[in-house]
Amino acid sequence: MSVKRVLVIAGSDSSGGAGLEADQRVLAAHGCYALTATTGLTAQNTLGVQDIFVVPSEFVRKQINAGLEDVGADVVKLGMLSSAETIDVIAETLQAHKVPVIVLDPVMVSTSGSQLLPEKAVKELRTKLLPLTTILTPNIPEALLLLKDAGAETSEPKDLEGMVELAKKICSLGPKAVLLKGGHLPLTKDHKTSQDPKEGTLVVDILFDGTTATLFETEFLVSKNTHGTGCSLASAIAANLASGKDMIRAVRSAVRFVEVGIKTSIDLGKGSGPINHFH
Ligand code: PLP
């Protein structure tokens, strides 16, 4: 029996809701086999990140090489990368192993406000990894940080048109495709800024592949259980691409997976709990 293999290079979330722990559950839910290379460990719960231990970059290199020399990977998914040195190692090893598909979730700051990638490493991520990336999945703040680092003019998008412009600018930084996530900019049904984001407004994610923009609309869900949604979305895309879906189908199915995951989430802890990965 054969199985699709996804190598996840990311950080561990000790609360289980985001990071490698979520990635592995999402991949299992999609019938994929997950290998891991751990870039950092967090001491974390549903209230926030208490501390981070950065794994030495040379040890990350050993984990990636061990996995790719033996089991191999159909897709590599990148999450929290922890340091500029680790980003260099990842770029070197993925090029050496000629990994065919790379999904990059440019994790920078957690929803609770902790810096998960040092500011000085943004340049490394932009210059070394974006050109290797098949699909980049930034939210609006991450997209703006990447553009600012590139010295490009940036202004916060106010409506759908602004988001499409932002997605195009990010795509010109090197990735083959960009999925700009609209969770930070709830829109009305006619795609204007929603003054009162509550149930009934829309979240619009935009996939831009260098020529065409495709929109994915979901209901804006009011829930405290959204921890790890970014990790889960990128892992679901990785699983879908590994299973042979084309980009649009891979994204559509992943967006739906996360939407249902939020709707059926279980309350755990005192803060922002995880989504449901098995539904
Ligand atoms: N911790 C780790 C290890 C992560 O990789 C991430 C996100 O990618 C987070 C925490 C942040 O998750 P959230 O912003 O959903 O709270």
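Residues numbered from 1 in each chain as written. Predicted model: local features only at pLDDT ≥ 70, side-chain atom pairs only at ≥ 80, totals over all residues. Heavy atoms only, no water.

We now examine the overall build of the chain. The secondary structure content of the chain amounts to 8 helices and 9 strands. Along the longest, intermediate and shortest principal axes, the C-alpha atoms of the chain span 50 × 40 × 40 Å. Counting all 279 residues of the chain, 56% fall into the buried class. In the chain, once contacts between residues fewer than 6 apart in sequence are set aside, the share between residues at least 24 apart is 69%. Of the roughly 12400 Å² that the chain leaves accessible, carbon and sulfur atoms contribute 53%. (Helix = DSSP H or I, 4+ residues; strand = E, 2+ residues; numbered from the N terminus. Buried < 20%, exposed > 50% of the residue type's maximum accessible area, 1.4 Å probe, protein only. Contact = heavy atoms within 4.5 Å. Areas by Shrake-Rupley, 256 points an atom, 1.4 Å probe, with all protein chains shown as cover.)

This brings us to the side chain of threonine 46. Looking at the secondary structure, you find threonine 46 in the loop between β2 (33–45) and β3 (48–54). In this structure the side chain of threonine 46 is engaged in a polar contact, spanning 3.3 Å, whose partner is the backbone nitrogen of lysine 270. At a separation of 2.9 Å, a polar atom in the side chain of threonine 46 contacts the main-chain amide nitrogen of glycine 271. Contacts of threonine 46, omitting those with residues within four sequence positions, involve Ser15, Leu268, Gly269, Lys270, Gly271, Ser272 and Gly273. (Polar contact = N/O pair within 3.5 Å; in protein donor to acceptor, adjacent residues only side chain to side chain.)

Once that is clear, we can look at the environment of threonine 46. You can call threonine 46 buried: its relative accessible area is 18%. The spacing of threonine 46 and lysine 270 is 224 residues in sequence and 6.5 Å in space, taken between C-alpha atoms.

Throughout the structure, instances matching the rule amount to 13 salt bridges. Residue lysine 77 pairs with aspartate 23 through a salt bridge whose shortest N-O separation is 2.9 Å. One end of the pair, lysine 77, is in strand β4 (residues 75–78); the other, aspartate 23, is in helix α1 (residues 19–29), and 54 residues separate them in sequence. Notably, a salt bridge pairs lysine 181 with aspartate 105, separated by 3.6 Å at the nearest N-O pair. Remark: aspartate 105 occurs in the loop between β5 (102–104) and α4 (122–129) and lysine 181 occurs in the loop between β7 (177–180) and β8 (202–208); sequence separation between them is 76 residues. Classification of lysine 181 by relative accessible area gives buried; the value is 12%. On the basis of relative accessible area, aspartate 105 is assigned to the buried category, the value being 2%. Several salt bridges share partner residues, and in doing so they unite Glu219, Arg256, Glu259 and Lys263 into one network. (Salt bridge = Lys/Arg side-chain N within 4 Å of Asp/Glu carboxyl O.)

Right, let's talk about the nonpolar core for a bit. Of all hydrophobic cores here, the largest spans 48 residues; its most connected members are Ile9, Ile64, Leu78, Leu81, Leu94, Leu125 and Leu129. The dominant element in this core, judged by the number of residues it contributes, is helix α6 (residues 160–171), at 7 residues. In contact with leucine 129, other than residues within four places in its own chain, are Leu78, Leu81, Ile87, Ile90, Ala91, Leu104 and Glu124. Core analysis: the second largest hydrophobic core is formed by 32 residues, Val6, Ala10, Ala239 and Leu241 among them. (Core = buried A, V, L, I, M, F, W, Y, C linked by side-chain atoms within 4.5 Å.)

Further remarks concern the confidence of the model for the chain. Per-residue pLDDT for the chain has a mean of 96; in total, 99% of the residues score no lower than 70. Scored as a whole, the predicted complex attains pTM 0.97, and scored at its interfaces, ipTM 0.92. (pLDDT = per-residue confidence, 0-100.)

The geometry of α1 relative to helix α7 (residues 229–242) is characterised by a closest axis approach of 9 Å and an angle of 40° between their N-to-C directions. With respect to their mutual orientation, α1 and α7 come out oblique. Two packed elements cross with a definite hand, and for α1 against α7 that hand is right-handed. Listed contacts from α7 to Gly19, Ala22, Asp23, Val26 and Leu27 of α1 are Cys231, Ser232, Ser235, Ala236 and Ala239. Of the residues contributing to the contact of α1 with α7, the split by class is 6 nonpolar, 3 polar and 1 charged. (Axes fitted to C-alpha atoms, helices over the stretch in contact; angles between N-to-C directions. Parallel < 35°, antiparallel > 145°, perpendicular 65-115°, else oblique. Left-handed = near helix turned anticlockwise from the far one by under 90°. Nonpolar A, V, L, I, M, F, W, Y, C, P; charged D, E, K, R; others polar.)

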